[in-house]
Amino acid sequence: MKSGDGQQDESHRKLLENNKKGHNADMHGSSGNGSVLSFHDVTYSVRVREKGCACCARYNTKKILKEISGIMKPGMNAILGPTGSGKTTLLDLLAGRKETGTIFGEVLLDGFTLPEDFKCMSGYVVQEDIVMGTLTVRENLHFSAALRLPKSTTGHQRSAQVETILLDLGLTQVADSKVGTEFIRGISGGERKRTNIGMELIISPSVLFLDEPTTGLDAFTAVSVMKLLSTLSKRGKTIIFSIHQPRYAIVKLFDSLTLLGNGQTVYHGPSAKALTYFEQMGYVCEQHDNPADFFLDTIQSVTVAEEGNDKRDLSLAVKYQSSEYAQEAQRELDAIQDCHQINTREASPAYFQSAGYPTSRLFQFCIISKRTVLNIIRTPSTSIMQVLINIIFGIFVGGIYYQMSDSAKDGLQNRVGALFFIVMNMIFANMAAVELFLKQRLIFMHESVSGYYRVSSYFIAKIVCDMIPLRVIPVITFSSIVYYMIGLQSDIEKFFIFILTLLLTSLAGSALAFLYSSLVSIQALATLFLALTFVLMMVFGGLLANLTTIPVVLRWLKYLSIFRYAMEALEINELDGMLFCNKADKINNTCIYPHPNVTSGTLYLESQGFYPPDRLWFALLALGCFIVGLLVLTYLRLRFMRKTR
């Protein structure tokens, strides 16, 4: 290499030296700079179906972002623009959180290509609340600290980090207050937003992304949150956020401003010089007008004029490209690009190396299980009420069929009816299980993509903590009440088979609910699909229609019916070898068989296709296969779900 080239390389290397050092600075350090995030000619496009072609497969390519370039330095970096201008899309691209569409160009961090786990290294505060409402503020922060801090971090160090963040964010007074749900009164909107920010600050990220951080907040609270972010930025954080129509008190806090219009850069530079730039372009902000509203109105009016085929050269994007701000930004980008070319020949810094998840699967399972159990305990409607309802319903069913007789007239009919009623209750009682993954979908997607835990750890913890307290315990309680009240055979082996069958039936029904919970994002639709599936299974359960008389074309559907296998196991367990007769047809309390007035349970089983009795274990095995198969499908859905947050 020539000496001149070597000197140039060295100057480029020094350009970002401070930024690289600052990456390791924690959130309390006032020395050192944060990271520099640069994006070079970034274009993002998606395929959309042609208008008026709902049933055809013809697609067009739509560009959402068009050759966007810029630099985000330590400080407050705002992305502003009208609705549909590409603000959130640009934010997601910079954060490495776009999994769909086509992306051209590159995003660099301190002159290096973004590491694969950049999503785990940076902080991202989504627009929606992503904290568990039944937990306190401190418990939510401890959850993040336990899963995201390195395994070498001691419990005392984690607690110290949590307490420091509570103090920095002004949450000390509400630290032990529940965040709040629709059933639990919680903290205010501003405190919830600060809790969301605190969850991300746990790992002391050098880059913090926020999507519409003031959405849903009143004017005073919005200013308070933004002042908090400004304070963090002065400690060396690179804070990048999209925002819509901020008030002037918030605009004054911006260090850098990126204005977008129709997917193009309208302005990118110091926030304080934006008004002067627009005045040079011939657009003057009226006195006492909010600059943010002025920018948005100007961009919107120019865009409308362009779409109306106005012949004047109104393109703000074209004017920006020839401005001094664009040229200055391009010089810095070129320097970073040259530095990047040097960096590609060298090893990445230590803080760029992917270290995987900081905690083990078992530890993640324990932490998630603890949070899930707390959530269940603090939601009585889904925990204690589940057991109470099963106790009440068990007494109700036991009262209806109390001590059934074994007469030829109604003994068999009542037993079959009671068993079907019990199976129907066991299956339809799982309708509420459809909320398991659906209700906390946003929390799961955000935590998963941010590297809190592995999908497998989350899945197993949720399943175990849901099934044991909400499925297993209530079913055992119900079975113990109803079995002897309705007068089924007083054989301890048959009693345990009865409980096992109901457990497998309930778990199979809940596993199907879990699958719909992971597949469908709208609870009403998931509930509807689940109910329709249960009804279809009930038709092929063996009571509403004799399975041997169903047309061959539809007969195969019986193999997909949880009702069918549950009824088969219960009826074989209870009816095999049992005789039903009147007192006149008994000798020494034993039915005279064969006899015209004596009904055989075995013959009934044969008529239903539930024979020989060995099919009992086949039916139980089938229920077990239902559970395993449906849970595997649910896990695969969660594992490969598109997680945009």
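Source: prediction; values computed, not measured.

1. Quick word on the overall build of the protein chain
So, point 1. Helix and strand content of the protein chain: 25 helices and 14 strands.
So, point 2. Counting across all 645 residues of the protein chain, residues that qualify as buried make up 54%.
So, point 3. Put simply, of all contacts in the protein chain between residues at least 6 apart along the chain, 76% involve residues at least 24 apart.

2. Comments concerning the packing of aromatic side chains
So, point 1. On inspection of all chains with the given rule, the structure shows 32 aromatic pairs.
So, point 2. The interplanar angle of 70 degrees and the centroid separation of 5.9 Å between the aromatic rings of F278 and F294 together place this pair among those described as edge-to-face. You can see F278 sitting in helix α10 (residues 274–280) and its partner F294 sitting in helix α11 (residues 291–307), a full 16 residues away along the chain.
So, point 3. Judged by relative accessible area, F278 falls into the buried class, the value being 1%.
So, point 4. Aromatic pair F437 and F514: ring centres 6.2 Å apart, planes at 75 degrees, arrangement edge-to-face. Note that F437 is positioned in helix α17 (residues 435–438) and F514 in helix α20 (residues 492–519), a separation of 77 residues in sequence.
So, point 5. Judged by its relative accessible area of 0%, F514 is buried.
So, point 6. Through a chain of ring-to-ring contacts, three or more aromatic side chains come together here, namely F143, F437, F444, Y452, Y453, Y458, F459, F514 and Y635.
So, point 7. Over the face of the ring belonging to F143 we find R371, whose NZ or CZ atom lies 3.9 Å from the ring centre.

3. Thoughts on the confidence of the model for the protein chain
Any region with low pLDDT has predicted coordinates that should not be read closely.
So, point 1. For the protein chain, the mean per-residue pLDDT works out to 85, and 89% of the residues sit at or above 70.
So, point 2. Within the protein chain, strand β3 (residues 75–80) carries the highest mean pLDDT (96), whereas helix α2 (residues 17–22) carries the lowest (43).
So, point 3. Low pLDDT (under 50) marks residues 11–16, which in the prediction has 13 contacts with non-local residues, meaning those over four places away or in another chain.
So, point 4. Considering only residues more than four positions removed or in separate chains, one finds that residues 18–32, a stretch of pLDDT under 50, has 36 contacts.

4. Side note on the sheet that holds strand β4 (residues 102–109)
So, point 1. Ordered by their spatial adjacency, 4 strands build an open sheet running β2-β1-β4-β5, and the pairing between neighbours is antiparallel. Only two strands of the sheet have a single neighbouring strand rather than two, namely β2 (59–72) and β5 (112–113).
So, point 2. Two strands pair when backbone bridges link them, and strand β1 (residues 37–49) and β4 are joined in this way by 7 bridges, in the antiparallel orientation. Residue L37 lies in a different strand from β4, and its bridge partner there is L109.

5. Details of helix α18 (residues 441–449)
So, point 1. By the criterion of burial, α18 is predominantly enclosed, with 8 of the 9 residues buried.
So, point 2. All of the buried residues along α18 are R441, I443, F444, M445, H446, E447, S448 and V449.
So, point 3. Following α18 by one or two positions, G451 adopts a phi angle in the positive range, close to 80 degrees.

6. Digging into α20
So, point 1. Spanning 28 residues, α20 covers 41 Å between terminal C-alpha atoms, matching the ideal 40 Å at 1.5 Å per step.
So, point 2. Of all 28 residues in α20, 23 are buried, a share of seventy percent or more.
So, point 3. The backbone nitrogen of E493 lies 2.8 Å from a side-chain oxygen of the residue at the head of α20, namely D491.

7. A few points about the environment of D110
So, point 1. With respect to the helices and strands, D110 occurs in the loop between β4 and β5.
So, point 2. In the structure, D110 is positioned 75 residues away from S35 in sequence and 6.0 Å away in space, judged by C-alpha atoms.

8. As for the side chain of T134
So, point 1. Looking at the element boundaries, T134 is found in the loop between β6 (123–125) and α5 (137–148).
So, point 2. In terms of polar contacts, T134 uses its side chain to reach the side chain of N375, at 2.6 Å.
So, point 3. Residues within four places of T134 in sequence aside, it is in contact with K178, T181, I184, N375, R378 and T379.

9. Points about the side chain of S479
So, point 1. Note that S479 resides in helix α19 (residues 455–485).
So, point 2. Residues contacting S479, with those up to four places away along its chain left out, are F495, F498, I499 and L502.

10. Digging into a nonpolar patch on the surface
So, point 1. Together, I522, L525, L528, F529 and L532 make up an exposed nonpolar region whose accessible area comes to about 440 Å².
So, point 2. By the element assignment, L525 lies in helix α21 (residues 523–539).

11. Notes on the state of the cysteines
So, point 1. One pass over the structure, following the stated rule, counts 0 disulfides.
So, point 2. No disulfide involves C366; its nearest neighbouring cysteine sulfur is the one of C465, lying 9.8 Å away.
So, point 3. By relative accessible area, C366 is classed as partly exposed at 42%.

Criteria and thresholds
Residues numbered from 1 in each chain as written. Predicted model: local features only at pLDDT ≥ 70, side-chain atom pairs only at ≥ 80, totals over all residues. Heavy atoms only, no water. Helix = DSSP H or I, 4+ residues; strand = E, 2+ residues; numbered from the N terminus. Buried < 20%, exposed > 50% of the residue type's maximum accessible area, 1.4 Å probe, protein only. Contact = heavy atoms within 4.5 Å. Phe/Tyr/Trp six-rings, centres within 6.5 Å; stacked < 30°, edge-to-face > 60°. Lys NZ or Arg CZ within 6 Å of the ring centre and 35° of its normal. pLDDT = per-residue confidence, 0-100. Pairing = 2+ DSSP bridges. Expected span 1.5 Å × (residues − 1). Polar contact = N/O pair within 3.5 Å; in protein donor to acceptor, adjacent residues only side chain to side chain. Patch = residues over 30% accessible without salt bridge, like charges linked within 9 Å, V, L, I, M, F, W, Y side chains within 5 Å. Areas by Shrake-Rupley, 256 points an atom, 1.4 Å probe, with all protein chains shown as cover. Salt bridge = Lys/Arg side-chain N within 4 Å of Asp/Glu carboxyl O. Disulfide = S-S within 2.5 Å.

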